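Structure assessment
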Amino acid sequence: MDVLNSEERFALECVRCDSDAEIGSSLGEFFSQYREIDWNSLFGYGDKMLPFISTVIEKHGSSIPIPRRMVSLLRLQHVSTLQKNRGAIEEIKVIARMFHSHGIPLIFLKGSALLFTVYRDDPGLRKMEDIDALLVNQGDLSGAEILLKQMGFEEASGKRYYGFDYPPREWWKERHCHLVYFKGALRFELHWKADLVSGRPLLEKLLESSGKMDLNGTELQMLSPEGNLLVACTNYIKDFTDYRRDLADLHPRERNSRSFYYRLFYLCEIKKMLQHYRSDLSRENLCGLIHASKYGYGINTLLLLAKQIVRAPIPETLIADMKADRLIRGFVFFQRGCSFDQFRKLFMLRDVMTFLNDPVPAVRKGLYGVTCAVRTFISKILMILAKR
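A brief structural summary. (Residues numbered from 1 in each chain as written. Predicted model: local features only at pLDDT ≥ 70, side-chain atom pairs only at ≥ 80, totals over all residues. Heavy atoms only, no water.)

1. Quick look at the side chain of Glu-7
Under the convention used in this document: Helix and strand assignments come from DSSP, with helices taken as H or I runs of at least 4 residues and strands as E runs of at least 2, each series counted from the N terminus. Contacts described as polar in this section are N or O atom pairs within 3.5 Å, which, within protein, must combine one atom able to donate a hydrogen with one able to accept it, while residues neighboring in sequence count only if both atoms come from side chains. When checking whether two residues touch, look at their non-hydrogen atoms; a contact exists if any pair is within 4.5 Å.
Locating Glu-7 in the fold gives a position in helix α1 (residues 6–16). Separated by 3.0 Å, the side chains of Glu-7 and Ser-6 make a polar contact. Excluding its chain neighbours within four sequence positions, the residues that come into contact with Glu-7 are Ile-37, Asp-38, Ser-41, Leu-42 and Tyr-261.

Now the structure itself:
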């Protein structure tokens, strides 16, 4: 179903606007068309989007017919996220000092890096599941693990934490994945290879453009603005493969809603990154990183969708560079026939063009989806028979 429901459209309107005047005008028009919003659905499926939406409600709450209970829940969630992230920030500083004092270079990634840049003024806007960091040198893995244990972290491999059974250590190693550690409720992911990127050449390019940030005597090594943007896009591409697997057992309506908010969150974060970095973003460096990545088509089309759907400020010069690719030109041509609110249709177009670009992975994912559906069907039949 391509048509957005009222709560999905509301979330989209909230993140498309760039000024209070725009938001006021947009919401006025919105509520003249949509009388009711299923707030329970929005809160249930769009949890990662709620911090962004809450800022709009705080400023324009008088013109939004939102129940008081929901306003209280939004404020509570923002305070909770803010407190949790402040704790994560302090823990990141401790880890950074410990690793620096032992001569082990470590780069913080994804939300862990964005807390110090994009969300610096309001850390409560970014819900985080964990702290991510990348070892610059793979040979430092043993030393890094010793330091983490000294700081009170426990490896999760082969154990059960918060309702999830983590695979054994060999499983992570074979796939060149990250290792997971816990310190109380705090989860830390240590990436020792370029599993967030694709190959050593790209990793070297990322490291070349990385820099250091001083936080009151604590030195943090960070990727460049282009590097952070690339990792965010790559993270979407890789995460969404697993996310679609997680959605396989859900009811179609729930699956559609969760998928919508998940995608919208990434588009919104891309927009915030571009707004924050602006003049600091190097088009040449970004093009070089994208070219070195095996996900070039996926990254470029994600940026194009961010521009169309949430009005992310993608430089026109960058779009001109993208169009050197014939497949991107085809995507742009068909994309123009869709309006910004034809959200699912636009992502479906992207998926179709992805298949044309490289059909083998898409077929493999499709077969996995069929397997999940068959497995779910059989398990439900067995449950019915067991009750008789």
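2. Here's the deal with the environment of Lys-59
Put simply, the rule is: A simple rule labels every residue: compare its accessible area, found with a 1.4 Å probe on the protein chains alone, to the largest value its type can have, and call it buried under 20%, exposed over 50%, or partly exposed in between.
Within the secondary structure, Lys-59 sits in helix α4 (residues 50–60). For Lys-59, a relative accessible area of 58% puts it in the exposed group. Between the C-alpha atoms of Lys-59 and Ile-23, which are 36 residues apart in sequence, the distance is 9.6 Å.

3. Quick notes on the pattern of salt bridges
Close approach of charged atoms allows side chains of opposite charge to pair. For the record, the criterion: The salt bridge definition used is simple: a Lys or Arg side-chain nitrogen within 4 Å of an Asp or Glu carboxyl oxygen.
Counted by the stated rule, this structure contains 22 salt bridges. One salt bridge in this structure joins Arg-75 and Glu-58, with 3.0 Å as the shortest N-O distance. Of the two residues, Arg-75 is situated in helix α5 (residues 68–101) and Glu-58 in helix α4; the sequence distance between them amounts to 17 residues. The class for Glu-58 is partly exposed, based on a relative accessible area of 48%. One continuous salt-bridge network, built from bridges that share partners, spans Arg-9, Glu-13 and Asp-341.

4. Regarding the packing of aromatic side chains
Two aromatic rings, taken as a pair, are described by how far apart their centres are and by the angle between their planes. Rules: Only rings of Phe, Tyr and Trp enter the pairing, Trp through its six-membered ring, and a pair is recorded when the two centres are within 6.5 Å. The plane angle decides the type: under 30 degrees is stacked, over 60 is edge-to-face, the rest tilted. Distance and angle both matter: a charge sits over a ring if NZ of Lys or CZ of Arg is within 6 Å of the ring centre and within 35 degrees of the ring normal.
Following the criterion strictly, the structure yields 23 aromatic pairs and no others. With 4.9 Å between their ring centres and 85° between their planes, Phe-30 and Phe-31 make a pair best called edge-to-face. Summarising the burial analysis for this pair, Phe-30 and Phe-31 share the class buried. Ring pairs connect the aromatic residues Phe-52, Tyr-119, Tyr-236, Phe-260, Tyr-261, Tyr-262, Phe-265, Tyr-266, Phe-343 and Phe-347, which therefore count as one cluster. Stacked on the ring of Phe-340, the Lys or Arg Arg-16 has its end atom at 3.6 Å from the ring centre.

5. Observations regarding the pairing of strand β7 (residues 186–191)
Selection rule: Here, strands pair whenever DSSP counts at least two bridges between them.
Within β7, 5 of the 6 residues are buried, leaving the element largely enclosed by the surrounding structure. Bridging between strand β2 (residues 131–135) and β7 involves 4 bridges; their strand directions are parallel. The residue bridging Asp-132 from the neighbouring strand is Glu-189, located in β7. Sheet analysis places strand β6 (residues 179–183) next to β7, joined by 5 bridges and oriented antiparallel. For Tyr-181, the partnering residue across the bridge sits in β7 and is Phe-188. Once β6 ends, the chain turns through 2 residues before running back antiparallel as β7, passing Gly-184 with a positive phi of about 65°.

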